[in-house]
Amino acid sequence: MTLGTLLKQGREILQNAGIAEWDLDAWYLLEYVTGVSRSQYFLDPEREVPQEQEVLYHQKIDKRSTHIPLQHLTGEQEFMGLTFKVNEHVLIPRQDTEVLVEEALNYVRSGMDILDVCTGSGCILLSVLKLGEKKCRGILHGTGVDLSREALQVAEENAGRLQVEATFLHSDLFAEVQGQYDMILSNPPYIEKAVVETLEEEVRIHEPRMALDGGEDGLDFYRKITAESVQYLRKGGRLLFEIGYDQGQKVSALMREIGFHDVQVIKDLARKDRVVTGML
C-alpha cells in the first residue's frame, strides 16, 4: 500500500460518510499516523506504508466516519500556537476563543492573580499564563475551576506539558473559590438549550453537554458569574467573557447592571461579537 493509495481510500470513506471536511481530515490523519508531512508526501506519493500504519490509518478513518471528532482521534488540538491535550471530557479549543486570550493579554501585568471559570482543558488560562509572562516579563498566578473532575485532570496534564504553574479546583463556579483576583476569565456554556439539539453530530454527541448548554436563553451562566464575580474581583479588576455572536448587547447590559464600567464588545476576525469585557 502506498501513501497515495491510502490517502485516496481515506478520502473516499470520509466523503461517503458525509464528513464535512473529508479531504482535510484524511490528510491530517495520514500525517498523524505516518509522520509524513504534505511536502514529503508530494515528493514521494508512491512510498510504501508499513502494514501497521496502514491498519492504524484505517482504524482512525473508520472512527472519523462515525463523526467522532478528529481531535479525539489524535488527542490534541493547537490553540494560540500551543498544543493541548483534548478528549471527550473537554470542549475542543476553537480559534474563536483565541480572541478572549488576545484581549486578556492586553491587560496582563506582573504579579496578577487570574481566575478562569469553567476552565475545561485549561487552554484559556494556560495560554494567558504562558504568553502573558513572556509579554510582561514577570510572574502571573492562575487558578482554574470546573465542575468536571475529568476536565480538571486534562487541564492539569496540559499545565505539565506546557510547564506552566497553575492551580485547579473542583468547584461549581465560585463555590470553592477563595480570595480576590485581578482578572476573571470565562468561556461558559452559552448555547440555548433548544439549539443544542440542532448542533452537528460531532459537537452534540461527542463534546460534553455541560460545556454547551447555557439554559433556555443561553445566558444562565453569564447571570451567575457576573453577579458573583464582584465578590472575587479586586477594585479595578476586569471580567472577560467569550460570548455567542448574538449575545454582545445582552451580556453587556448584565455587566452594567451589576456595576461594571468601561464595558466593551470585541469582534472576531469574521466581524462577529465574540468577547465582552468590563472593569469593576
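Structure: above.
Residues numbered from 1 in each chain as written. Predicted model: local features only at pLDDT ≥ 70, side-chain atom pairs only at ≥ 80, totals over all residues. Heavy atoms only, no water.

S.K.: How should the overall build of the protein chain be read in this particular structure?
M.R.: Along the backbone of the protein chain there are twelve helices and nine strands. A compact globule built from 280 residues would reach a C-alpha radius of gyration of about 19 Å, and the protein chain, at 21 Å, matches this within 12%. If you line up the protein chain on its principal axes, its C-alpha atoms span 65 × 45 × 35 Å. Classification of the 280 residues of the protein chain by burial places 51% in the buried group. Contacts spanning at least 24 positions in sequence make up 69% of the contacts within the protein chain whose residues lie at least 6 apart. Carbon and sulfur atoms make up 47% of the accessible area of the protein chain, which totals about 13600 Å². Averaging the coordinates of the 30 positive side-chain charges in the protein chain and doing the same for the 46 negative ones gives two points 5 Å apart. (Helix = DSSP H or I, 4+ residues; strand = E, 2+ residues; numbered from the N terminus. Rg over C-alpha atoms; globule rule 2.2 N^0.38 Å. Buried < 20%, exposed > 50% of the residue type's maximum accessible area, 1.4 Å probe, protein only. Contact = heavy atoms within 4.5 Å. Areas by Shrake-Rupley, 256 points an atom, 1.4 Å probe, with all protein chains shown as cover. Lys, Arg positive; Asp, Glu negative; His and termini not counted. Charge placed at Lys NZ, Arg CZ, Asp CG, Glu CD.)

S.K.: What is the right way to read the packing of aromatic side chains from this model?
M.R.: Two numbers describe a pair of aromatic rings. These are the distance of the centres and the angle of the planes. In total, this model carries six aromatic pairs according to the counting rule given. Ring plane angle 10° and centroid distance 4.8 Å describe the contact between Phe174 and Tyr232, whose orientation is recorded as stacked. Of this pair, Phe174 sits in the loop between β5 (167-170) and β6 (181-186) while Tyr232 sits in the loop between α11 (220-229) and β7 (233-242), placing them 58 residues apart in sequence. The exposure class of Tyr232 is buried, given its relative accessible area of 15%. (Phe/Tyr/Trp six-rings, centres within 6.5 Å; stacked < 30°, edge-to-face > 60°.)

S.K.: Whenever I open this one, the packing of helix α2 (residues 22-34) against helix α4 (residues 51-64) confuses me. Can you help?
M.R.: A pair of packed helices can be characterised by two numbers: the angle between their axes and the separation between those axes. Their axes nearest at 10 Å, the elements α2 and α4 cross at an angle of 145°. Considering the relative orientation of α2 and α4, their crossing is right-handed. Residues Asp25, Ala26, Leu29, Leu30, Tyr32, Val33 and Thr34 of α2 form the contact with α4, whose participating residues are Gln53, Leu56, Tyr57, Lys60, Ile61 and Arg64. Of the residues in the contact of α2 with α4, the class split is eight nonpolar, two polar and three charged. (Axes fitted to C-alpha atoms, helices over the stretch in contact; angles between N-to-C directions. Left-handed = near helix turned anticlockwise from the far one by under 90°. Nonpolar A, V, L, I, M, F, W, Y, C, P; charged D, E, K, R; others polar.)

S.K.: Explain the sheet that holds β6 here, please?
M.R.: Strand pairing in a sheet relies on backbone hydrogen bonds. The paired strands run either parallel or antiparallel. Pairing is mixed across the open sheet formed by seven strands, whose spatial order is β5-β4-β3-β6-β7-β9-β8. Two strands bound the open sheet, and with one partner strand each, they are β5 and β8 (261-267). Across this sheet, the average inter-strand angle for adjacent strands is 15°, counted without regard to direction. Across five bridges, the pairing between strand β3 (residues 113-117) and strand β4 (residues 141-146) is parallel. Looking across to β4, one finds that Ile114 is bridged to Gly142. Against the sheet, α11 engages β3, β6 and β7, with an angle of about 170° to β7. Against the sheet, helix α12 (residues 248-258) makes contact with β7, β8 and β9 (273-279), and its axis sits at roughly 10° relative to β9, the strand it touches most. (Pairing = 2+ DSSP bridges.)

S.K.: What's the story with the nonpolar core in this structure? I'm lost.
M.R.: Counting residues in hydrophobic clusters, the biggest one holds 30 residues, and the most contacted among them are Ile114, Val128 and Leu185. A total of six residues in this core trace back to one element, the largest contributor, which is helix α7 (residues 123-136). Leave out the neighbours within four places in its chain, and Val128 touches Val101, Ala104, Leu105, Val108, Ile114, Glu133, Leu140 and Leu185. By size, the runner-up hydrophobic cluster in this structure holds 29 residues, among which are Val117, Tyr190, Tyr232 and Val251. (Core = buried A, V, L, I, M, F, W, Y, C linked by side-chain atoms within 4.5 Å.)

S.K.: Before we go on, may I ask you to explain the pattern of salt bridges in this structure?
M.R.: Oppositely charged side chains can pair when the atoms bearing their charge come close. One pass over the structure, following the stated rule, counts 18 salt bridges. As a salt-bridge pair, Arg274 and Asp96 come within 3.5 Å of each other at their nearest N and O atoms. Residue Arg274 is found in strand β9, and its partner Asp96 is found in the loop between β2 (82-85) and α6 (98-105); the two are separated by 178 residues along the sequence. For Arg274, a relative accessible area of 7% corresponds to the buried category. Across the salt bridge formed by Asp182 and Arg109, the nearest N and O atoms sit 3.8 Å from each other. Of the two residues, Asp182 is situated in strand β6 and Arg109 in the loop between α6 and β3; the sequence distance between them amounts to 73 residues. (Salt bridge = Lys/Arg side-chain N within 4 Å of Asp/Glu carboxyl O.)

S.K.: Would you mind showing me how to read α7 here?
M.R.: Since there are 3.6 residues in each turn of an α-helix, residues three or four apart along the chain are aligned in direction. In this model α7 runs 19 Å from its N-terminal to its C-terminal C-alpha over 14 residues, within 8% of the 20 Å that 1.5 Å per residue would give. Those residues of α7 lying buried are Cys123, Ile124, Leu125, Leu126, Ser127, Val128, Leu129 and Gly132. A positive backbone phi angle near 55° is found at Arg137, which sits one or two residues after α7. (Expected span 1.5 Å × (residues − 1).)

S.K.: Just to check I follow, could you spell out the pairing of strand β1 (residues 76-79) for this structure?
M.R.: In summary, the side chains of a regular strand alternate between the two faces of the sheet. Summarising the sheet, β1 and β2 pair through four bridges and their orientation is antiparallel. Looking at β2, one finds that Glu78 is bridged to Thr83. A loop of two residues connects β1 with β2, the two strands running antiparallel in sequence, and Met80 in this loop sits at a positive phi of about 55°.

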